[in-house]
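What follows is each chain in one-letter form.
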Amino acid sequence: MRHKDENKSESIFNAAIHLINEHGLSETSMSKIAKKAGVSASTIYVYFENKEDMLNKLYLSIKKKMSLEVFYNYDDSISLQAAFEHALKKFINFILTNKEEFLFIEQFSNSPLLHKLSLKEGIEMFEPIFSLLEKGKSQHVFKQVDTGLLHMFMFSPSMQYVKEHFGGRIELKQDSLNELIQMTWDALKA
């Protein structure tokens, strides 16, 4: 059995992200990923069973990186609004500073290749947000709707804003980000 090298795994992930963002999921083969990563095609199969396995592991790797950043110094004992704003600001910062990973997640999240188990595991990494939203519902601060809807609405406006910025359609402004966070808070409030 061959020894796995973390650097090779990272190179494979980076190559996959780049190729998928540039050419799409269906146009990105394992052999193209191997070539871009500077490894042999057979080496990829030391790390991953197949393309689907690699993509799901890549998805979870990015979700983990994202959750670690979002919840860095996160304190759920502070006010509900302060915790909400902290998490949303950290999320926006992550997607702004990790454009390639964000674009991959956006594309892969809408793919039939995403396993239900990977999706569930990715969602579980954001459990503190679900707890925050449940706490807000129990205190009648947030609307009494499905927590999944609150979660979707908490992040969707920010993701759209950043995509508009990445597409060159809007200029990124801190005042606009602050207004967006406030609007998102207001929209979820009961």
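Values in this document were obtained by computation on a predicted structure and should not be read as measured data.

### Remarks on the packing of helix H4 (residues 51–70) against helix H6 (residues 99–109)
Working step 1: It is the contact of H4 with H6, at a shortest axis distance of 10 Å, that shows an interaxial angle of 130°. On the basis of their axis angle, the class for H4 and H6 is oblique. Between H4 and H6 the crossing geometry is left-handed. On H6, the residues touching Leu55, Asn56, Leu58, Tyr59, Ile62, Lys63 and Lys65 of H4 are Glu101, Phe104, Ile105, Phe108 and Ser109.
Working step 2: Of the residues that constitute the contact of H4 with H6, the class distribution is 7 nonpolar, 2 polar and 3 charged.

### So, unusual backbone geometry
Working step 1: The phi torsion at asparagine 73 lies on the positive side, around 60°, for a residue other than glycine.
Working step 2: Structurally, asparagine 73 can be placed in the loop between H4 and helix H5 (80–97).
Working step 3: Looking at asparagine 73, the relative accessible area reads 59%, which means it is exposed.
Working step 4: In this structure, histidine 140 is a non-glycine residue whose phi angle is positive, near 60°.

### Here's the deal with the side chain of lysine 137
Working step 1: Relative to the helices and strands, lysine 137 is located in helix H8 (residues 127–138).
Working step 2: By relative accessible area, which is 14% here, lysine 137 ends up buried.
Working step 3: A polar contact is formed between the side chain of lysine 137 and the side chain of threonine 147, at a distance of 3.0 Å.

### Some words on the packing of aromatic side chains
Working step 1: Taken as a whole and judged by the stated rule, the model has 11 aromatic pairs.
Working step 2: Between tyrosine 47 and phenylalanine 48, the aromatic rings sit 6.3 Å apart at their centres with planes inclined by 40°, giving tilted as the arrangement. Like phenylalanine 48, tyrosine 47 is buried.
Working step 3: Judged by centre distance (5.2 Å) and plane angle (65°), the rings of phenylalanine 84 and tryptophan 185 are edge-to-face. Residue phenylalanine 84 is found in helix H5, and its partner tryptophan 185 is found in helix H10 (residues 174–188); the two are separated by 101 residues along the sequence.
Working step 4: Through a chain of ring-to-ring contacts, three or more aromatic side chains come together here, namely Phe13, Tyr47 and Phe48.
Working step 5: The residue whose ring lies beneath lysine 99 is phenylalanine 166, and the NZ or CZ to ring-centre distance is 5.0 Å.

The rules we used
Residues numbered from 1 in each chain as written. Predicted model: local features only at pLDDT ≥ 70, side-chain atom pairs only at ≥ 80, totals over all residues. Heavy atoms only, no water. Axes fitted to C-alpha atoms, helices over the stretch in contact; angles between N-to-C directions. Helix = DSSP H or I, 4+ residues; strand = E, 2+ residues; numbered from the N terminus. Parallel < 35°, antiparallel > 145°, perpendicular 65-115°, else oblique. Left-handed = near helix turned anticlockwise from the far one by under 90°. Contact = heavy atoms within 4.5 Å. Nonpolar A, V, L, I, M, F, W, Y, C, P; charged D, E, K, R; others polar. Buried < 20%, exposed > 50% of the residue type's maximum accessible area, 1.4 Å probe, protein only. Polar contact = N/O pair within 3.5 Å; in protein donor to acceptor, adjacent residues only side chain to side chain. Phe/Tyr/Trp six-rings, centres within 6.5 Å; stacked < 30°, edge-to-face > 60°. Lys NZ or Arg CZ within 6 Å of the ring centre and 35° of its normal.

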